[in-house]
Amino acid sequence: MSERVMQEPTVMVLTALADAPRHGYAIAQEVKAMTGGRVVLRTGALYGALDRLLADGLIDVEREEVVDGRARRVFALSSPGRERLAAEAERLAATAREATRRLSVTRPSAAAT
């Protein structure tokens, strides 16, 4: 499992699974809703991310089912995935706090220098 900074779509997929198991299409819809439509996961990118997250042990296949004659896997956040998402959320929150702090610092105008 890599500890590098996660890309936003990966964080969004893990976040979509944090409160409930979901199948691929439901994950994509949840990510779209969470981001107000700003992040739209295409099918290939979504299933590539799911495969990587499975390989890294961050998610599990909770169950497989057949719906309307089509196979569907339902994914769930694993314990390591929950820990990694919590760490990533804290990293993002710390970055946001620092950005907010720096934006609130009064700086002399360019004309004064």
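Just above sits the structure.
This section reports on the structure supplied with the text. (Residues numbered from 1 in each chain as written. Predicted model: local features only at pLDDT ≥ 70, side-chain atom pairs only at ≥ 80, totals over all residues. Heavy atoms only, no water.)

### Overview of the environment of Leu14
- In this structure, Leu14 sits in helix α1 (residues 8-17).
- On the accessibility criterion, Leu14 (0% relative accessible area) is buried.
- The spatial distance from the C-alpha of Leu14 to the C-alpha of Leu58 is 8.2 Å, given a sequence separation of 44 residues.
- When near neighbours in sequence (up to four residues on either side) are disregarded, Leu14 contacts Met6, Leu53, Leu58, Ile59, Leu77 and Leu85. (Helix = DSSP H or I, 4+ residues; strand = E, 2+ residues; numbered from the N terminus. Buried < 20%, exposed > 50% of the residue type's maximum accessible area, 1.4 Å probe, protein only. Contact = heavy atoms within 4.5 Å.)

### Here's the deal with the nonpolar core
- Residues Val13, Leu14, Ile27 and Ile59 are the most contacted members of the largest nonpolar core, which totals 20 residues.
- Here this core takes six residues from α1, the largest share from any one element. (Core = buried A, V, L, I, M, F, W, Y, C linked by side-chain atoms within 4.5 Å.)

### What to know about the pairing of strand β3 (residues 70-77)
- Strand direction decides the pairing type here: strand β1 (residues 22-23) and β3, joined by two bridges, are antiparallel. When the sheet's bridge partners are listed, Arg22 is paired in β3 with Phe75.
- Bridge analysis of strand β2 (residues 59-67) against β3 gives eight bridges, and the strand direction is antiparallel. Counterpart to Asp60 in the pairing with β3 is Ala76.
- Following β2, the chain reverses through two residues before pairing antiparallel with β3; Asp68 in that reversal takes a positive phi of roughly 55°. (Pairing = 2+ DSSP bridges.)

### Focus: the packing of α1 against helix α2 (residues 24-34)
- Look at α1 against α2: their axes get within 9 Å of each other, and the N-to-C directions meet at 105°. As the angle between them shows, α1 and α2 are arranged roughly perpendicular. Contacts between α1 and α2 involve Met12, Val13, Thr15, Ala16 and Leu17 from the former and Ile27, Glu30, Val31 and Met34 from the latter.
- Among the residues forming the contact of α1 with α2, the class breakdown is seven nonpolar, one polar and one charged. (Axes fitted to C-alpha atoms, helices over the stretch in contact; angles between N-to-C directions. Parallel < 35°, antiparallel > 145°, perpendicular 65-115°, else oblique. Nonpolar A, V, L, I, M, F, W, Y, C, P; charged D, E, K, R; others polar.)

### Things to note about the pattern of salt bridges
- In this structure the tally under the stated criterion is 11 salt bridges.
- Across the salt bridge formed by Glu65 and Arg72, the nearest N and O atoms sit 3.4 Å from each other.
- You can call Glu65 partly exposed: its relative accessible area is 24%.
- Its relative accessible area of 24% is what places Arg72 among the partly exposed residues.
- Ionic pairing is found between Arg97 and Glu90, a salt bridge with its closest N-O pair at 2.8 Å.
- The class of Arg97 is partly exposed, set by a relative accessible area of 47%. (Salt bridge = Lys/Arg side-chain N within 4 Å of Asp/Glu carboxyl O.)

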